[in-house]
Number of protein chains: 2
Amino acid sequence: MPDRRLDVLAIGNAIVDVIADADDPFLASEGMHKGAMRLIDEAEAARLYDAMGPAREASGGSAANTVAGLASLGLSAGFIGQIADDQLGTIFTHDIRSLGVAFETPAHSGIGATARCLILVTPDAQRTMNTFLGAAQMLEPDAVDPAIVAEAKILYLEGYLWDPEGPRAAMYKAMDAARNAGTKVAFTLSDSFVVDRHRDNLWELFRQSRIDILFANEAEIMSLAEHDSAEEAALTVAADVPTVVVTQGPKGAFALSGPERANVPAEPIDSLVDTTGAGDLFAAGFLAGEARSLGLERSLRLGAICAAEVIQHYGARPEADLKTLAGDLLD
Amino acid sequence: MPDRRLDVLAIGNAIVDVIADADDPFLASEGMHKGAMRLIDEAEAARLYDAMGPAREASGGSAANTVAGLASLGLSAGFIGQIADDQLGTIFTHDIRSLGVAFETPAHSGIGATARCLILVTPDAQRTMNTFLGAAQMLEPDAVDPAIVAEAKILYLEGYLWDPEGPRAAMYKAMDAARNAGTKVAFTLSDSFVVDRHRDNLWELFRQSRIDILFANEAEIMSLAEHDSAEEAALTVAADVPTVVVTQGPKGAFALSGPERANVPAEPIDSLVDTTGAGDLFAAGFLAGEARSLGLERSLRLGAICAAEVIQHYGARPEADLKTLAGDLLD
């Protein structure tokens, strides 16, 4: 791959997370699926916020967390996502830029508030997410500059953003630019409900050879292939996607790439606090390895190290220096 | 004391904390005094925010943290403070109300943004605070209803808010209402620079017998009495203030009340993360004991337990249930 300015350019939701502790009866009374993400409107966001306990706020968004991880690993990254011209938008912008990530999507007014994700963390460290997309879903193709896509080794697309029409069109535009420039395209399925809503469209993407690397957890890959074994599901998908990465929570992760197969156990941790961001940071580690051409196994190990850091504290972005944690794996 | 609806009614800054890690060279390059609070204007807040690393946000404000601690201890508390009609104001309101604290001060627009405190936490867990007061300093005497002061056992006043004129007038109005209703008045000195700016005025308050309980750390009490021994300084102040409580960081705390004297060591902790809120939570524990008439020593022990909880995580409000931590001390 020629030398390029950015290792990874990501397109995703620009979200501020609002994180509160909650117990199982609260989730049950709200009819929430533990561990899942659901979209809510502004009125429901206000109602649920009133019902929640005291919270802490931190910048989030799945692909944005991934580029934060890449920056912490010492890689160069850019992000495209829509914020509103408000205080939460200022917070999002500060947090991602202060990591050295290139983020230039202009804030807009009159498109609703900056997106929020109300995250309920249960005592088992699982996170249940309620997302008010607000401004984030107003991303338009205009926000994607093909010249910047061409400067990246890898374009990374967030599946959560596949629902609304404008962002989907923006991602198609970015995929076209990537194909013209020889930029690899990575896609994360994000959530099994997203997969369920867009299964046919996603298979079309794969069969059009638009996706080079696919990230999924077990539930997502099984939903995609409509198969009750994650292994079999991954093999099926691997017929159309060059590299398939499947995270398996405490069991670790595996990846298939042509005839190659690698797997890695989860990294040992001291204490499990909040699993928010585990998949996002796994993707950061793997993409770092991919951008540096380190091979499947080292890339998976980097993913496991990054995921282990983020689940040991509240919030979905790394607090420790991931480059230090990665040590000579990155050399 | 007759049965009253509120154990403690506090008047203080309504602030959202913006917490980032920083190193000593950064503090030095910014000319900051480690561990101190300085007031900054909006332009400086924006400049410093740009220079800081990624942050997490959580409701703060010294007296607001104290009432959060009181609520976690199971006591009834109210809060008076000024927010703007903006997203940070919504966050502040949610967090304090979701704890069960009565907070009814109406949000105003056209008075600047809700206050922010940019807190830099160094590897030694010390916090250095840069406060943009914004709307918080626009608190006016109208916000104080004497009938609500009369419903509280203790009125608690935040020294940080002694600088601006409107809030000072509001606190004088509240002190008058407290005197008429037999409500005890507690005051926290907040910061040695605040003491230095208002030393004569503070001594006047004490000599007018307006203050029943004074909270200070060693630097503050020494500045107040202009004495280089905290013990001697406290003795001097105790001639004019019925109860004087001095916190001493890792050494613990002591209190003087008439002929009585008590002291307590710091509670053992597993790991020191962020000392923000230590004094605020110490005050919560002590005021809980005072409201329940538990005596100096038990009140000090409650203070030490609450302070120990808050310094073991980022953010200035309790995350654990303080009532459980206090156990039979509160009975």
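Here the structure is a predicted model, which means the values were calculated and not measured.

Criteria and cut-off values
- Residues numbered from 1 in each chain as written.
- Chains lettered and ligands numbered in written order.
- Predicted model: local features only at pLDDT ≥ 70, side-chain atom pairs only at ≥ 80, totals over all residues.
- Least-squares fit on C-alpha atoms with pLDDT ≥ 70 in both.
- Contact = placed C-beta atoms within 7 Å.
- Helix = DSSP H or I, 4+ residues; strand = E, 2+ residues; numbered from the N terminus.
- Nonpolar A, V, L, I, M, F, W, Y, C, P; charged D, E, K, R; others polar.
- Pairing = 2+ DSSP bridges.
- Buried ≥ 20, exposed ≤ 12 C-beta atoms within 10 Å, placed from the backbone.

Enquirer: Please clarify how the relation of the copies chain B and chain A should be interpreted in this entry.
Expert: The two chain copies are connected by a rotation around an axis plus a translation along it. Rotating chain B by 180° and translating it 0.0 Å along the rotation axis places it on chain A, where the RMSD comes to 0.0 Å. Each copy turns onto its partner about a two-fold axis. Scanning chain B for the C-alpha nearest the rotation axis identifies Glu57(B), at a separation of 2.4 Å. Of the residues that chain B buries at the interface, 100% are likewise interface residues in chain A, meaning the two copies contact each other through the same surface.

Enquirer: Before we go on, may I ask you to explain unusual backbone geometry in this structure?
Expert: What you tend to see is this: most non-glycine residues have negative phi, and most peptide bonds are trans. Despite not being glycine, Ala125(A) shows a phi value in the positive range, around 75°. Along the chain, Ala125(A) falls in the loop between strand E7 (115–121) and strand E8 (127–132).

Enquirer: I keep staring at the interface of chain B and chain A and nothing clicks. Help me out?
Expert: Between chain B and chain A, the contact holds 19 residues from the first and 19 residues from the second. For the side of chain B that touches chain A, the secondary-structure elements that each account for two or more residues are strand E4 (56–60) and helix H4 (87–97) of chain B. No other element matches the five residues that H4(B) contributes to the side of chain B that touches chain A. Along the lines of polarity and charge, the residues of the side of chain B that touches chain A split into eight nonpolar, six polar and five charged. Two elements, strand E4 (residues 56–60) of chain A and E4(B), share three bridges in a ladder whose sense is antiparallel. Bridge pairing in E4(B) places Ala58(A) opposite Arg56(B).

Enquirer: I tried to follow the environment of Gly277(A) on my own but got confused; where do I start?
Expert: Residues and elements named next belong to chain A. If you trace the backbone, Gly277 turns up in the loop between strand E14 (260–264) and helix H10 (278–291). We classify Gly277 as buried; it has 30 C-beta atoms within 10 Å. It is 29 Å that separates the C-alpha atoms of Gly277 and Arg179, two residues lying 98 residues apart in sequence. Sequence-distant contacts of Gly277, that is, excluding residues within four places in its chain, are made with Asn65, Val310, Ala316 and Arg317.

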